[in-house]
Amino acid sequence: AQRLKNGLAKTRQQLGGQLSALFGGGKIDEDIYEELETILLTSDVGVSATQHLLEQLRSRVKKHDLQDTIALKQALKDTLLDLLTPLQVPLEVKDHQPFVMMMVGVNGAGKTTTIGKLAKYLQAQGKSVLIAAGDTFRAAAREQLQVWGERNDVHVIASESGDPAAVIYDAVNSAMARKIDVVIADTAGRLPTQLHLMDEIKKVQRVIDKALPGAPHEILLVLDANTGQNAVNQLKAFNEALGVTGLALTKLDGTAKGGVIAAIAHLNQQSASKIPVRFIGVGESIDDLRPFDAHDFIDALID
Ligand code: GDP
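Quick caveat, the model's predicted, so the values are computed rather than measured. (Residues numbered from 1 in each chain as written. Predicted model: local features only at pLDDT ≥ 70, side-chain atom pairs only at ≥ 80, totals over all residues. Heavy atoms only, no water.)

**Student:** What's the story with the overall build of the protein in this structure? I'm lost.
**Tutor:** Looking only at helices and strands, the protein has 12 helices and 8 strands in total. Over its C-alpha trace the protein gives a radius of gyration of 21 Å, about what one expects of a compact globule, namely 19 Å for 303 residues. Dimensions of the protein along its principal axes, counting C-alpha atoms only, are 65 × 35 × 30 Å. Relative to its 303 residues, the protein shows a buried fraction of 53%. (Helix = DSSP H or I, 4+ residues; strand = E, 2+ residues; numbered from the N terminus. Rg over C-alpha atoms; globule rule 2.2 N^0.38 Å. Buried < 20%, exposed > 50% of the residue type's maximum accessible area, 1.4 Å probe, protein only.)

Laid out in structure tokens, this is it:
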């Protein structure tokens, strides 16, 4: 828990610090709500999620006839917990032999790093892992994965001449033959507005399904928490194009914008697709990827 607190230090200082100052024990009044609104907005919770949280908070205060700001702080934590708990749906590696995960996201979001962390995480759970270096645009991405794979004894399937669909198709077939549990397929970083690249990734999706009907079983979108509200837009766009099944929210350690997770939760509430946060990234080292736990997350942010 301390490690998570350290990882979330920046958001903790920004959000938690200001909240502690606000919740000093005085009476609850309109000024408090206004200040709270400002704090939430500057932590990238976003306009709509902020309104939602404040409404929920007000009704909680009314219902329990809360009087002072110490009670209000607990009420806020409870309100946040209600909002964030639906995001907490851990990745379940089902026995698909192999379970195929396709990683997507914009360049620099932390895809390659997350693949490495994820491979370790799954191995620690006793799963065998194979990585498909499907980012055929950047030779550096392929090399990075290969070096990482050698060091960690994870097989990486790559090809110099690059059709991503072919590389990933090979990887899935190879995993089937070798009875590997999980294939993690990298894809080139792209913006949702780059339509030809979105078409390409849809092709990858179709080809994976040909190799193993029903696959990919997880389309994991990697989002950089630093990008704040922009991450929400990326989520919408990628989901529309591909049908995202889970999120990895990276670099929460480097940002005061951790509130974006509340914006994501609120987006889920308003839309038909409920996309959970499978993992959060709170540092650069290999075990800084952890399953999202709403309760621990809130406790790490607010004392
Ligand atoms: P890609 O382009 O999406 O593959 O991004 P990379 O995996 O190469 O990551 C870009 C940069 O972000 C690298 O310097 C990573 O070390 C860094 N990074 C990724 N995840 C995290 C994280 O959770 N915390 C921090 N502090 N840095 C991260």
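**Student:** Please explain helix H5 (residues 69–84) as it appears in this structure.
**Tutor:** Here H5 contains 16 residues, and its C-alpha end-to-end distance of 22 Å stays within 8% of the 22 Å for a straight helix at 1.5 Å per residue. Residues of H5 that are buried: Thr 69, Leu 72, Lys 73, Ala 75, Leu 76, Lys 77, Thr 79, Leu 80, Leu 83 and Leu 84. Contacts made by the buried residues of H5 are with helix H2 (9–22), helix H3 (30–42), helix H4 (47–63), helix H11 (260–270) and helix H12 (294–301). Here H5 starts with a cap whose side-chain oxygen sits 3.0 Å from the backbone nitrogen of Ile 70, and that cap is Asp 68. (Expected span 1.5 Å × (residues − 1). Contact = heavy atoms within 4.5 Å. Polar contact = N/O pair within 3.5 Å; in protein donor to acceptor, adjacent residues only side chain to side chain.)

**Student:** How should the site of the ligand be read in this particular structure?
**Tutor:** The immediate surroundings of the ligand are formed by 17 residues, with Lys 111, Thr 112, Thr 113, Asp 253 and Glu 284 found nearest. When isolated, the ligand has an accessible area of 580 Å², and the protein chains bury 79% of it. Among the elements that take part in the shell around the ligand, helix H6 (residues 111–124) stands out by supplying 4 residues, more than any other. (Near = heavy atom within 4 Å. Areas by Shrake-Rupley, 256 points an atom, 1.4 Å probe, with all protein chains shown as cover.)

**Student:** Would you take a moment to explain the pairing of strand E2 (residues 129–132) for this structure?
**Tutor:** One face of the sheet, then the other: side chains in a regular strand alternate in exactly this way. Judged by which residues are buried, E2 turns out to be covered on both faces: Val 129 and Ile 131 on one side and Leu 130 and Ala 132 on the other are all buried. In the sheet, E2 pairs with strand E4 (residues 182–185) via 4 bridges, with the strands oriented parallel. Counted as the bridge partner of Leu 130 is Val 183 from E4. Since E2 and strand E3 (residues 155–157) lie parallel, the crossover through helix H7 (residues 139–152) that links them has a hand, and here it is right-handed. (Pairing = 2+ DSSP bridges. Right-handed = clockwise from strand over helix to strand, strands pointing away.)

**Student:** Can you walk me through the packing of H2 against H3 in this structure?
**Tutor:** Any two packed helices are characterised by how steeply their axes cross, that is the angle between the axes, and by the distance between the axes. Contact geometry of H2 with H3 gives a least axis separation of 10 Å together with a crossing angle of 170°. When the axis of H2 is compared with that of H3, the two are roughly antiparallel. Contacts from Gln 14, Leu 15, Gln 18, Leu 19 and Leu 22 in H2 reach Ile 32, Glu 35, Leu 36, Ile 39, Leu 40 and Thr 42 in H3. Among the residues forming the contact of H2 with H3, the class breakdown is 7 nonpolar, 3 polar and 1 charged. (Axes fitted to C-alpha atoms, helices over the stretch in contact; angles between N-to-C directions. Parallel < 35°, antiparallel > 145°, perpendicular 65-115°, else oblique. Nonpolar A, V, L, I, M, F, W, Y, C, P; charged D, E, K, R; others polar.)

**Student:** Quick question: what am I supposed to make of the side chain of Thr 255 here?
**Tutor:** In this fold, Thr 255 is placed in the loop between strand E6 (246–250) and H11. A polar contact is formed between the side chain of Thr 255 and the backbone nitrogen of Lys 257, at a distance of 2.8 Å. Not counting chain neighbours up to four residues away, the residues in contact with Thr 255 comprise Lys 10, Thr 11, Ala 225 and Asn 226.

**Student:** Just checking my understanding: could you explain the nonpolar core for this structure?
**Tutor:** In a soluble, globular protein the nonpolar side chains are often hidden away together inside. Judged by nonpolar contacts, the single largest core of 103 residues is most densely connected at Leu 84, Ile 131, Ile 184 and Ile 280. Here the element with the most residues in this core is H11; it accounts for 7 residues. Residues contacting Ile 131, with those up to four places away along its chain left out, are Ile 115, Ala 119, Leu 145, Trp 148, Val 154, His 155, Val 156, Ile 157 and Ile 184. (Core = buried A, V, L, I, M, F, W, Y, C linked by side-chain atoms within 4.5 Å.)

**Student:** When you look at the sheet that holds E4 in this model, what are you seeing that I'm missing?
**Tutor:** Strand pairing in a sheet relies on backbone hydrogen bonds. The paired strands run either parallel or antiparallel. Reading across from one edge, E3-E2-E4-E1-E5-E6-E7-E8 is the order of the 8 strands in this open sheet, with mixed pairing throughout. Of all strands in the sheet, those with a lone pairing partner are E3 and strand E8 (289–291), marking the two edges. Neighbouring strand axes in the sheet, compared pairwise and without regard to direction, differ in orientation by 25° on average. Alignment of E2 against E3, held across 3 bridges, turns out to be parallel. Residue pairing across strands places Leu 130 opposite His 155, the latter belonging to E3.

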